Structures are given as C-alpha cells and as structure tokens.
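# Structural characterization, general
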Amino acid sequence: MKSIIFYRSSYKGNTLKIAQSMSDALSAELVPIDNAPQICLSDYDLIGFGSAINFAAHDIQLQRYVSGLNLKGKNIFVFSTRCRPFLGAYHKPLRKIIERKGGKIVGEFSCRGFDRTGPWVVMDGYNKSRPDERDLFKARLFAEKIRWKLHPLTDVRKMPVTEYSGGIALRRIESDIVIGNKVVFLNTTTCVHCKKCINICPMHIFDYESKVLPVNENNCIQCRLCADNCPTSSIYINESFMNGLRIAFRESFSDKLQISYKSGNAE
Ligand SMILES: Cc1cc2nc3c(=O)[nH]c(=O)nc-3n(C[C@H](O)[C@H](O)[C@H](O)COP(=O)(O)O)c2cc1C
C-alpha cells in the first residue's frame, strides 16, 4: 500500500514526532507542507494530514493546502497534537474540507504536545515531554491498524468457501482465488511466487510445490511477518482474540508449535 503523510509542525516539532512514528509503521513518504509541495496523489492508496491544533483547529496553512487538493475517493487519516486534555471538535474544520474535496476519512488520531504559550508560561510549559514514548507507540499502533483495515483481503474470512483444494478451503473473489481456512489467507492470483513468506515465516506455515500455499495455518502465531513483507499484499492474517486463545492453548498443552518452529523447511 503506497502511503504519504503531509504535516506541518512549526511550534516545537511535536507533530513531526508523531508523523515520523506513523510513517515508520506505514513506510510512508513524509512531506512538510511549508513550501506547498506539488505532488500527484493518484498513485497513493492512503494519505495522512496532521499538524498542531492552533486556535481550536488544524494549522491554517495545512487547511489551506488541503483545500487546494483533489482528494476524490482517497482514503485519508487526520492527526494532530494539542495542548488541551480533550480533542473535542478540533478536527472538525479539516474534516469538513477533506469531505468537501471528496476524501474518505478512515481514522483520526490526536495526542498532547508540549505548549509554553499564554498562561502556561507561568509554569514553564504544560504537557512537558509530550509527545512521549507512549504517544509515539499509540501513533504507530493507530497507523498499523489503518493499514490492516485497508488490506485488500480484510473481508475474505466472511466470504463463503467455494471449494476445497487438497483439504484447504478456497474462495473466489471475482477472478482472484484466495486459499486459506480460517487464519492465514493467500491470494494465489496476485502472489508473484517470490517465496519471501516461505523464508520469513518462523512457523513454516507456507509451502511451495507448483505455487505458494498456506499449508499449516493452525500453527500461525499471528506475527504478521509474512503479510508485512509480501510485496503484493497477497497475504492476510485473521487476527482475533479467539486465534490468540487458540495459540495460547496450543503452546500450553502440546508441542505442535515448537515442532513447527523447529521444522525449518524454509528455502
Ligand atoms: C499559536 C498557537 C495556538 C495554539 N492553540 C491551541 C488550541 O487552541 N488548543 C490546544 O489544545 N492547543 C493549542 N496550542 C498548542 C499546540 O497545539 C501544541 O503545542 C502542539 O503540540 C504544537 O505542535 P507543533 O510543535 O507540531 O507545532 C497552540 C499553540 C500555538 C503556538
């Protein structure tokens, strides 16, 4: 998924820290809007806009920049850093602009940032050392959640199984064939057989005969290394509480996970 994050962080660099954390999670380009960059957005699947909250709304330069963009059909997330404890309606003005420009808001994030303006001068600033490690961690989680939400196979587990191939369930999504029972799904049509998943999976879930197949999904521990490294977003892991429980039980009451881990059939 190709992502880009536009930000303005003119006061203390607070929003930049958050933007960097999100950009790491999404492998997104990070672009300051200070010099009104001219970037063609048609290639991007996900766009982020963030700044400080200045006078109860996003930075005015960011608002103006977004007003000049064509965002029709684009997935967009909005973020900010602010002084006050509660976000309230601070995102509303930017949200309205994005909606007017045809964008679809898929998530919002805000956290506190250091402020030494107005009354806070008396105590040498408020929200000292914010954003902190916890804020950056939350920003990262937020970005990862969005990426997962927009994965092309997000709804595959809800689709009916159309047939079985060698005991593995198969679903047809239009012309694509997706293989997997309940945990690990692989779009065999978009898979380019690079075998990265086979080599990176610590549990040896995948196998290769004439094509890559998720043959041992019950041993998946949801580390998501395969999906995160798949160049064509062809792998989806159905992360759920129940799957978490299943893994915990399997680890506690059998040695199946250990055996799978040690099997080492990676190429
Ligand atoms: C001109 C100005 C106006 C601000 N107005 C608000 C505000 O209305 N509400 C709020 O919670 N914080 C307000 N703040 C605090 C900033 O939102 C906060 O410090 C933010 O983290 C700065 O981010 P930056 O370093 O990325 O620019 C204001 C700060 C400045 C400098």
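Anything mentioned here points back to the structure above.
Summarised in this report is the structure supplied together with it. Numbers given for residues are sequential positions, taken from 1 along each chain in its written order. Per-residue local features are limited, in this predicted model, to residues with pLDDT of at least 70; the limit for side-chain atom pairs, both in listing and counting, is 80 or more; totals at the level of whole chains, interfaces and linings are taken over all residues.

### Thoughts on the sheet that holds strand 2 (residues 29-32)
DSSP-based pairing: two strands are paired if at least 2 bridges between them are found. Segments assigned H or I by DSSP are reported as helices when at least four residues long, segments assigned E as strands when at least two residues long, and all are numbered from the N terminus. Spatial ordering of the open sheet is given by 2-1-3-4-5, a layout of 5 strands whose pairing is parallel. Of all the strands in the sheet, just strand 2 and strand 5 (104-112) have a single pairing partner and so form its edges. Ignoring strand direction, the axes of neighbouring strands in this sheet form an average angle of 20°. Sheet topology note: the strand 4 (residues 75-82)/strand 5 ladder contains 8 bridges and is parallel. Opposite arginine 82, over in strand 5, you have arginine 112 as the bridge partner. Axis lines are fitted to C-alpha atoms, over the contacting stretch for helices. Their N-to-C directions set the angle, which ranges from 0 to 180 degrees.

### Quick look at helix 4 (residues 133-149)
One less than the number of residues in a helix, times 1.5 Å, gives the span that helix is expected to have. Here helix 4 spans 24 Å end to end across 17 residues, near enough to the 24 Å set by a 1.5 Å rise per residue. Contact criterion: two residues are in contact if their C-beta atoms, reconstructed from the backbone, are within 7 Å. Where helix 4 is buried, its residues meet helix 1 (14-26), strand 3 (46-52), strand 4 and strand 5.

### Observations regarding the pairing of strand 8 (residues 176-179)
Across a regular strand the side chains alternate sides, sitting on one face of the sheet and then on the other. Pairing analysis gives 4 bridges linking strand 7 (residues 168-173) to strand 8, with the strands arranged antiparallel. For isoleucine 173, the partnering residue across the bridge sits in strand 8 and is aspartate 176. The antiparallel pairing of strand 7 with strand 8 creates a hairpin that spans 2 residues between the two strands, and glutamate 174 there sits at a positive phi of about 50°. The loop that links strand 8 with its antiparallel partner strand 9 (residues 184-187) comprises 4 residues; one of these, glycine 180, has a positive phi angle of about 145°.

### Focus: helix 3 (residues 92-100)
The burial criterion counts other C-beta atoms lying within 10 Å of a residue's C-beta, which is placed from the backbone; the residue is buried at 20 or more, exposed at 12 or fewer, and partly exposed between these limits. Within helix 3 the residues assigned to the buried category are Leu94, Ile97 and Ile98. Buried residues of helix 3, viewed axially, fall in a sector of 100°; they line one side. Opposite its buried face, helix 3 presents the exposed residues Lys92, Lys96 and Arg100, each directed more than 90 degrees away. Close packing links the buried residues of helix 3 with strand 3, helix 2 (60-67), strand 4 and strand 5. Glycine 102 sits one or two residues past helix 3 and shows a positive phi near 90°. Directions pointing from the helix axis toward each C-beta atom define the arc.

### Digging into the nonpolar core
Grouped together as the largest cluster of nonpolar side chains are 29 residues, with contacts concentrated most on Ile5, Met22, Phe49 and Ile76. For this core, the secondary structure elements donating two or more residues are strand 1 (3-8), helix 1, strand 3, helix 2, strand 4, helix 3, strand 5 and helix 4. Element by element, the count of residues in this core is highest for helix 1, at 5 residues. Dropping the residues within four chain positions of it, isoleucine 76 is found in contact with Ile47, Phe49, Leu71, Ile98, Gly103, Lys104, Ile105 and Val106. Formed by 23 residues, the second largest nonpolar core is a distinct cluster that contains Val183, Cys191, Met203 and Ile235. When buried Ala, Val, Leu, Ile, Met, Phe, Trp, Tyr and Cys residues are joined through C-beta atoms within 7 Å, the set is termed a nonpolar core.

### Describing the environment of glycine 167
In this fold, glycine 167 is placed in the loop between strand 6 (163-165) and strand 7. Separated by 13 residues in the primary sequence, glycine 167 and glycine 180 have C-alpha atoms spaced 9.7 Å apart.

### Description of the site of the ligand
Near the ligand there are 20 residues, and of these Ser9, Tyr11, Thr15, Ala52 and Gly113 occur at the shortest range. Those elements giving two or more residues to the shell around the ligand turn out to be helix 1 and strand 4. Under the scheme applied, nonpolar residues are Ala, Val, Leu, Ile, Met, Phe, Trp, Tyr, Cys and Pro; charged residues are Asp, Glu, Lys and Arg; polar residues are all the others, including Gly. Partitioned by chemical class, the residues of the shell around the ligand number 7 nonpolar, 9 polar and 4 charged. Being near a molecule or strand means, for a residue, that its backbone-placed C-beta atom lies within 6 Å of it.

### Comments concerning the sheet that holds strand 6
Ordered by their spatial adjacency, 5 strands build an open sheet running 6-7-8-9-12, and the pairing between neighbours is antiparallel. Every other strand in the sheet has two partners, leaving strand 6 and strand 12 (235-237) as the edge strands with one partner each. Strand-to-strand, the axes of this sheet are offset by a mean angle of 30°, without reference to chain direction. Sheet topology note: the strand 9/strand 12 ladder contains 3 bridges and is antiparallel.

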